[in-house]
Amino acid sequence: MPRHRFITPVGQAHDEGVRLIDREADPDDGWDAVYSDTGIVTQLDDGDTDVRRAAGDYTSSASQPSMVADLLRWLDPEPGHRVLEVGTGWTCVLLSHLVGEGGVTSVEVDPAVAGQAAGNLREAGVHPHLIVGDGAAGCPERAPFDRVHVTCGVRV
């Protein structure tokens, strides 16, 4: 699955420490980071802080691919399952292929991230049910779900 579609051109790679990646300024490093086993922060402070600044609250990211694989293995989704995903992104593509896109309902709290993800999902050729809202509220009108997959931060 095309992970690069779900990662902004500029981000913070979390491999051996935290470092800035910029696929336009240094394409080789940027593409290597995107297609390595690296978590990448794509948004700070709900988009209010430029990710180049390297300081702020992480509010959107692309999880490390090996972690995504582990979480999906533990989730054990099967074709025909109904899955609620909280935090829309690259994993939504994977879940759509595993269970069938009609079985995936994905909730994203950030309207800008949700809009970008919706476009990326269309480009990837999948069309799950997408909601902009608080994942804690779920989606009662599409319940019950066989599985719930959550990759989001929680503020207290």
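It should be noted that the structure appears before, not after, this text.
Here is what the cut-offs are and how they apply
Residues numbered from 1 in each chain as written. Predicted model: local features only at pLDDT ≥ 70, side-chain atom pairs only at ≥ 80, totals over all residues. Heavy atoms only, no water. Axes fitted to C-alpha atoms, helices over the stretch in contact; angles between N-to-C directions. Helix = DSSP H or I, 4+ residues; strand = E, 2+ residues; numbered from the N terminus. Left-handed = near helix turned anticlockwise from the far one by under 90°. Contact = heavy atoms within 4.5 Å. Expected span 1.5 Å × (residues − 1). Polar contact = N/O pair within 3.5 Å; in protein donor to acceptor, adjacent residues only side chain to side chain. Phe/Tyr/Trp six-rings, centres within 6.5 Å; stacked < 30°, edge-to-face > 60°. Buried < 20%, exposed > 50% of the residue type's maximum accessible area, 1.4 Å probe, protein only. Lys NZ or Arg CZ within 6 Å of the ring centre and 35° of its normal. Core = buried A, V, L, I, M, F, W, Y, C linked by side-chain atoms within 4.5 Å. Pairing = 2+ DSSP bridges.

Participant: What's the story with the packing of helix α2 (residues 65-75) against helix α3 (residues 90-99) in this structure? I'm lost.
Facilitator: Helices that pack against each other are described as a pair by the angle of their axes relative to one another and the distance between those axes. Relative orientation of the contacting elements α2 and α3 amounts to 35°, with a least axis distance of 11 Å. Remark: the crossing between α2 and α3 carries right-handed chirality. Across from Pro65, Val68, Leu72 and Leu75 in α2, the residues of α3 making contact are Trp90, Thr91, Leu94, Leu95 and Leu98.

Participant: Quick question: what am I supposed to make of helix α4 (residues 111-123) here?
Facilitator: Each turn of an α-helix holds 3.6 residues, which means side chains three or four residues apart point in the same direction. Here α4 is 13 residues long and its end C-alpha atoms lie 18 Å apart, about the 18 Å a rise of 1.5 Å per residue gives. Taken together, the buried residues of α4 touch β3 (39-44), β4 (58-62), α3, β6 (104-108) and β7 (129-132). Here α4 starts with a cap whose side-chain oxygen sits 2.8 Å from the backbone nitrogen of Ala112, and that cap is Asp110.

Participant: How do you make sense of the packing of aromatic side chains when you look at a structure like this?
Facilitator: We describe a pair of aromatic rings using the distance from one ring centre to the other and the angle between the two ring planes. Under the defined criterion, the tally for this structure stands at 1 aromatic pair. Seen from their ring centres, Trp31 and Tyr35 are 6.4 Å apart, and the 0° between their planes marks the pair as stacked. Judged by relative accessible area, Trp31 falls into the partly exposed class, the value being 36%. One Lys or Arg, Arg23, reaches over the ring of Trp31 and ends 4.9 Å from the middle of that ring. Above the plane of the ring of Phe145 lies Arg82, whose end atom (NZ or CZ) is 5.8 Å from the centre.

Participant: Just checking my understanding: could you explain the nonpolar core for this structure?
Facilitator: If you look at soluble globular proteins, the nonpolar side chains tend to sit buried side by side. The biggest cluster of nonpolar side chains holds 14 residues, and the ones touching the most others in it are Leu72, Leu95 and Leu121. For this core, the elements supplying multiple residues, two or more each, are α2 and α3. What Leu72 contacts, discounting residues up to four positions off in sequence, is Pro77, Thr91, Leu94, Leu95, Leu98 and His149. Residues Ala13, Val34, Ile40 and Ala62 belong to the second largest nonpolar core, which totals 7 residues.

Participant: What is the right way to look at the pairing of β3 in this model?
Facilitator: In summary, the side chains of a regular strand alternate between the two faces of the sheet. β3 sits mainly inside the fold: 6 of its 6 residues count as buried. Of the pairings in the sheet, the one linking strand β1 (residues 10-15) to β3 comprises 3 bridges and is antiparallel in character. Its bridge partner being in β3, His14 is matched across the sheet by Gly39. Bridge count between β3 and β4: 4 bridges; the pairing is antiparallel. Looking across to β4, one finds that Ile40 is bridged to Ala62.

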